[in-house]
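Residue-level listing of the chains:
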Amino acid sequence: IEADVCRLSDAPAQTRCGTPLHFYSNIDFREELQSVQSVGSEGVGLFRSENLFIDNTKAPQEHEQQAYYREMAEALHPAPLVIRLFDIGGDKLIYSSISEPNPNLGWRGIRILIDVPEILDSQLLAILKANTGGNIQVLLPMISSIEEIRHIRSALDRHIDHLKSAGISFREPLLGAMIEIPAAVLIIEEITKIVDFISIGTNDLTQYTLAVDRNNEIVQDLFEKFHPAIVRQLHTIISAANRNKCRVSLCGDMGSDPLAMPFLLGCGLREFSVVSSDIPEIKSTCRLLDIESSEKIAQECLQLDSAQKIKSRLQRFLGQVK
Ligand code: PEP
Ligand code: MG
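Residues numbered from 1 in each chain as written. Chains lettered and ligands numbered in written order. Predicted model: local features only at pLDDT ≥ 70, side-chain atom pairs only at ≥ 80, totals over all residues. Heavy atoms only, no water.

Our next topic: the pattern of salt bridges. Within this structure, the stated rule accounts for 18 salt bridges. Glu271 serves as the salt-bridge partner of Arg247, at 3.4 Å between the closest nitrogen and oxygen. With Arg247 in strand 7 (residues 247–250) and Glu271 in strand 8 (residues 271–274), the pair connects residues that are 24 residues apart, well separated along the chain. By relative accessible area, which is 34% here, Arg247 ends up partly exposed. For Glu271, a relative accessible area of 11% gives the class buried. For Asp305, the salt bridge is made with Lys309, and the minimal N-O distance between the two is 2.7 Å. (Salt bridge = Lys/Arg side-chain N within 4 Å of Asp/Glu carboxyl O. Helix = DSSP H or I, 4+ residues; strand = E, 2+ residues; numbered from the N terminus. Buried < 20%, exposed > 50% of the residue type's maximum accessible area, 1.4 Å probe, protein only.)

Once that is clear, we can look at the nonpolar core. The biggest cluster of nonpolar side chains holds 97 residues, and the ones touching the most others in it are Phe47, Tyr69, Ile191, Ile198, Phe263 and Leu264. With eight residues, helix 5 (residues 117–130) is the single largest residue contributor to this core. Apart from the residues lying within four places of it in its own chain, the contact partners of Phe263 are Val231, Leu234, His235, Ala298, Cys301, Leu302 and Leu314. Residues Leu46, Leu139, Met178 and Cys251 belong to the second largest nonpolar core, which totals six residues. (Core = buried A, V, L, I, M, F, W, Y, C linked by side-chain atoms within 4.5 Å. Contact = heavy atoms within 4.5 Å.)

Structure representation (structure tokens):
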């Protein structure tokens, strides 16, 4: 098996018809960097920086963050390191002692970053100062409005101006938005015109679209990423990004499911970020597919009215190409 994985890691990331694809890694800690290099991943497409929270409650200091990010960026250079700003709150780490009746609909992600400038400022400064090699990119969690993106953009610009006038050397990072709330899908046209890239978070997109808590076991059978409401949103997002020449990748768990590949490729997606160990399998699935028939299958799936029908259609299709 190991030999197979090695061979696959070296095989070109492309479809059967030769269309280039890009596979990146999702990581939670810098210790996982080794896995990135060993599976033919092109870099880190999602670093969940909230894992740096000390004892799950306290924000790390700016200098600690800077050293951590710099070490990762240097190890990866020139490959990219996409740092998602702290996605704390909700079902993740508890930042405040306030108990919320609906934490997933509460104080989480970008909302905390906007309300607590100390956290935002120290993270942005640490990222800027760590970005001497220019391979760090910044990703914003839980975006539901243009104002949120503008807020961070102006904080970032303020720090950039300040560091420049202080004579500190660094490179300006690209700025991207997670698309994981249905509101963001409905304004995707505007979002893809003001950011450098987007990354689709199918875990939260499924949770918020279907009103199904991603961690509540009672309703897990309703957590269905092939629901027509999700599938159609994915098509909307990817089409808008491609139309507006905004880079788009997918970093939710759906990117690890071979069944989703014909649909996603057919919608025009070419970048995936998944846990490193899943790259060989999805890469080998993609190497069997060609764009033209994937596009046809995607169009068919968009007409179907249930997750069951969509999954059966994709299963039948994959069975034929394998
Ligand atoms: C997602 O929501 O799909 C995602 C990638 O982010 P997380 O799982 O960290 O919320
Ligand atoms: Mg998410």
